[in-house]
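Each chain, letter by letter, is given below.
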Amino acid sequence: MPARTYPRTRPGTAGALTVRLPWWALALPAAAFAVLLVLMAGPGQAQAASTDPGIARILDLTRQVLVR
């Protein structure tokens, strides 16, 4: 007759949750954000209707949001 087995429990603190992310789980979103920011800020060869540089506008909007 087989003996009953019980699942092992790990000793540790109750309610503590540890999550280990691989390096690319943080690097890929950061790289995507940087690429999108560069695409928004730098018009490249396009001729914009206004003479306002893209990065200055983004920085100004960021400053306005942080000041509020």
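Calculation rules
- For every chain, the first residue of the written sequence is number 1, and numbering continues from 1 onward in sequence order.
- In view of the model being predicted, local features appear only for residues whose pLDDT reaches at least 70, and side-chain atom pairs are presented and counted only at 80 or more, with totals across whole chains, interfaces and linings using the full set of residues.
- Side-chain calculation: all heavy atoms of the structure are included, whereas hydrogens and water are not.
- Angles run from 0 to 180 degrees between N-to-C directions of axes, and those axes are lines fitted to C-alpha atoms, restricted for helices to the stretch in contact.
- Helix and strand definitions here come from DSSP, where helices need a minimum of 4 consecutive H or I residues and strands a minimum of 2 consecutive E residues; each element is numbered from the N-terminal end.
- Contacts are assigned to residue pairs with any non-hydrogen atoms lying within 4.5 Å of each other.
- Salt bridge criterion: a side-chain nitrogen from Lys or Arg within 4 Å of a carboxyl oxygen from Asp or Glu.
- Type-normalised accessible area, obtained with a 1.4 Å probe on protein chains alone, sets the label of each residue: buried when under 20%, exposed when over 50%, and partly exposed for intermediate values.
- Residues qualify for a patch when their relative accessible area is over 30% and they have no salt bridge, like charges being joined within 9 Å and the nonpolar side chains of Val, Leu, Ile, Met, Phe, Trp and Tyr within 5 Å.
- Computed with a 1.4 Å probe, the accessible areas rest on the Shrake-Rupley method; for each residue, only the protein chains presented here act as cover.

K.L.:
Quick rundown of the packing of helix α1 (residues 24–41) against helix α2 (residues 54–67)? Include the residues and the values.
P.N.:
Between α1 and α2, whose axes approach to 7 Å, the crossing angle comes to 115°. In this structure, α1 contributes Leu37, Met40 and Ala41 to the contact, and α2 contributes Gly54, Ile55 and Ile58.

K.L.:
Which residues make up the pattern of salt bridges, and what values go with them?
P.N.:
Enumeration according to the criterion identifies 1 salt bridge in this entry. Close ionic contact of Asp60 with Arg63 constitutes a salt bridge, the shortest N to O distance being 2.6 Å. Here Asp60 pairs with Arg63, and both are found in helix α2, just 3 residues apart, close to one helical turn. Look at Arg63 and you get partly exposed, because its relative accessible area is 48%.

K.L.:
Give me a nonpolar patch on the surface: which residues, what numbers.
P.N.:
Together, Leu17, Val19, Leu21 and Leu26 give the surface a local cluster of nonpolar side chains, amounting to about 480 Å² of exposed area. By the secondary structure assignment, Leu21 is in the segment before α1.

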